[in-house]
Every structure is written in structure tokens, then in C-alpha cells.
Amino acid sequence: MPELTMGSLFDGIGVFPLAASRHGIVPVWASEIVPDAISITKRHFPEMIHLGDITALSGSKIPAVDVITFGSPCQNFSQIGDKSGIQGVKSSLFYQAIRIIDEMRNASGNRFPAIAVWENVMGAFSTNDRMDFRAVLSAFSDTEVPMPPSGRWGNAGMVRGGTPDVCWRLMDAQYWASPRLARRQRIFLVADFGG
């Protein structure tokens, strides 16, 4: 069976590549602009290609990978940020990742990536009267996703019927670390393009 490969957008210090490598997935490239973060990733993954600024990348020209991961900037979603949401200067970079995924899928005959994973703060559920998370789901699924009848996003859910299928879950780091960490809730969304 061939090895799965991954690329990491908004790579930070390489947490997604670290997790992937521990499960047999090969990190191929990363996009990051902070020099200190890049130096940490280069130390742990010297073979990984560093592509630089996401706004200068073309998904049709970078190496195609099975999985693309990204934790787009959260400053505008965060409860301690300005709460301008997905249209904010930093958090709107989310759409650059969607563009790269679309370009790579178009260039590869819809083969790559087969999976995309997005991580962000819990505030993405609530900014702009809860419409920002709807925008995230709609961007991934390339369709208009309706608001739930309750008017609130569940801590877990799924959107099916298009390409990709999209599911999400709110997870709290305090339950995944030893010794136990402080409460740190994050949304993890998985888009499955492969069915």
C-alpha cells in the first residue's frame, strides 16, 4: 500500500506534520511565514519543502498530496480578538486554503487532496451571528449550507450529499494530554473528497 502524503498550510511549528508522521503519513511540504516557526519545523522535518507565503502559492503547481491540513489564523474568531470573523484581515486567509485545495483538485483530476483537515477556535461557531461557520461549511462543500433549526451549531455534526462530505467536532485538549492541560477547546473539521 502506498504511503499517504500531506501538506500543511499555516504550518506554525509543525504540529500537524508531527501528528501525521506518528501515524505513518509523510509530510511533504509546509506553508508558513514566521521565521522562528519555520526553523522549528526544519529541525524536526529537514526533508520537508517550505513553500512560504500561502498567498503566493498555486495549488496546481505545488506537489499534490493526499491530505492538506490547516489551522487558519484565528485572531478574528477568538473571544479575545476583534470578533470581525471570517471577513477579518487574518481569518479571511481561510479562503486562500480553500483556493489551494480547489486548484490542486482541478489540476489532479479531483484526485488530490482526498482529505482536508481544518482546525480553529470555538469562536468560529459564533462570530457574525453564527454565520461564519456556515460560510466555512459552504466554502468546503461548494454549496449553501442552511443554518440548523436551533439557530446554533452543534459541537459535532456533518454535511453530506455533495463533494466533499464534511464533519466536525469540538474537542478539548484537557482530555487528550498527560499531565492534564487547561481547557483549550478547538473545532476540528474533516472534509472527505474521496467518499
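Computed from a predicted model, the values in this text were never measured in an experiment.

Colleague: I tried to follow helix α2 (residues 35–44) on my own but got confused; where do I start?
Modeller: What sets the pattern is the α-helix's 3.6 residues per turn: residues three or four places apart point alike. The complete set of buried residues in α2 reads Ala-37, Ile-38 and Thr-41. Down the axis of α2, the buried set is contained in an arc of 100 degrees. They therefore lie on one face. Set apart from the buried face of α2 by more than 90 degrees, the exposed residues are Pro-35, Asp-36 and Arg-43. Buried residues belonging to α2 abut β3 (49–50).

Colleague: Whenever I open this one, the packing of aromatic side chains confuses me. Can you help?
Modeller: To describe a pair of aromatic rings, you give the distance between the ring centres and the angle between the ring planes. Applying the stated rule across the entire model yields 11 aromatic pairs. Ring geometry for Phe-70 against Phe-94: centres 6.0 Å apart, planes inclined by 40 degrees, an arrangement best described as tilted. One end of the pair, Phe-70, is in strand β4 (residues 67–70); the other, Phe-94, is in helix α3 (residues 94–107), and 24 residues separate them in sequence. Grouping residues by exposure puts Phe-70 and Phe-94 together as buried. An aromatic cluster is defined as three or more aromatic residues linked by ring pairs; in this entry it consists of Phe-10, Phe-70, Phe-94, Tyr-95, Trp-118, Phe-125, Phe-133, Phe-140, Trp-153 and Trp-168.

Colleague: Whenever I open this one, the pattern of salt bridges confuses me. Can you help?
Modeller: Pairing between side chains of opposite charge can happen when the charged atoms of each approach one another. This structure, assessed with the given rule, holds 4 salt bridges. The closest approach of N and O atoms between Glu-144 and Arg-134, which form a salt bridge, is 3.3 Å. Here Arg-134 lies in helix α4 (residues 131–141) and Glu-144 lies in the loop between α4 and β6 (156–159), a separation of 10 residues in the sequence. Taking the relative accessible area as the measure of exposure, Glu-144 reaches 59% and is therefore exposed.

Colleague: Is there a simple way to explain the nonpolar core in this structure?
Modeller: In summary, soluble globular proteins display a tendency toward joint burial of nonpolar side chains. If you look at the biggest cluster of nonpolar residues, it comprises 38 residues, and the most contacted ones within it are Leu-9, Phe-70, Trp-118, Phe-133 and Phe-140. Secondary-structure elements contributing two or more residues to this core are β4, α3, β5 (115–121), α4, β7 (165–172) and β8 (185–192). Looking at this core element by element, the count peaks at 6 residues for α3.

Colleague: How do you make sense of the packing of α3 against α4 when you look at a structure like this?
Modeller: The relative placement of two packed helices comes down to the angle between their axes together with the axis-to-axis distance. It is at 10 Å that the axes of α3 and α4 come closest, and there the two elements cross at 15 degrees. Our classification of the angle between α3 and α4 gives roughly parallel. Taken as a pair, α3 and α4 cross one another with a handedness that is right-handed. Side by side, α3 and α4 meet where Phe-94, Tyr-95, Ile-98 and Ile-101 of the first sit next to Ala-135, Val-136, Ala-139 and Phe-140 of the second. Looking at side-chain class alone, the contact of α3 with α4 contains 8 nonpolar, no polar and no charged residues.

Colleague: Looking at this structure, how should I read the pairing of β7?
Modeller: Working note: regular strand, side chains alternate between the two faces of the sheet. Note that β6 and β7 share 4 bridges and pair antiparallel. Across the sheet, the residue bridging to Val-159 is Val-166, located in β7. Where β7 lies against β8, 8 bridges are found, and the strand directions are antiparallel. For Asp-165, the partnering residue across the bridge sits in β8 and is Asp-192.

Thresholds, definitions, all that
- Residues numbered from 1 in each chain as written.
- Predicted model: local features only at pLDDT ≥ 70, side-chain atom pairs only at ≥ 80, totals over all residues.
- Heavy atoms only, no water.
- Buried < 20%, exposed > 50% of the residue type's maximum accessible area, 1.4 Å probe, protein only.
- Helix = DSSP H or I, 4+ residues; strand = E, 2+ residues; numbered from the N terminus.
- Arc of directions from axis to C-beta.
- Contact = heavy atoms within 4.5 Å.
- Phe/Tyr/Trp six-rings, centres within 6.5 Å; stacked < 30°, edge-to-face > 60°.
- Salt bridge = Lys/Arg side-chain N within 4 Å of Asp/Glu carboxyl O.
- Core = buried A, V, L, I, M, F, W, Y, C linked by side-chain atoms within 4.5 Å.
- Axes fitted to C-alpha atoms, helices over the stretch in contact; angles between N-to-C directions.
- Parallel < 35°, antiparallel > 145°, perpendicular 65-115°, else oblique.
- Left-handed = near helix turned anticlockwise from the far one by under 90°.
- Nonpolar A, V, L, I, M, F, W, Y, C, P; charged D, E, K, R; others polar.
- Pairing = 2+ DSSP bridges.

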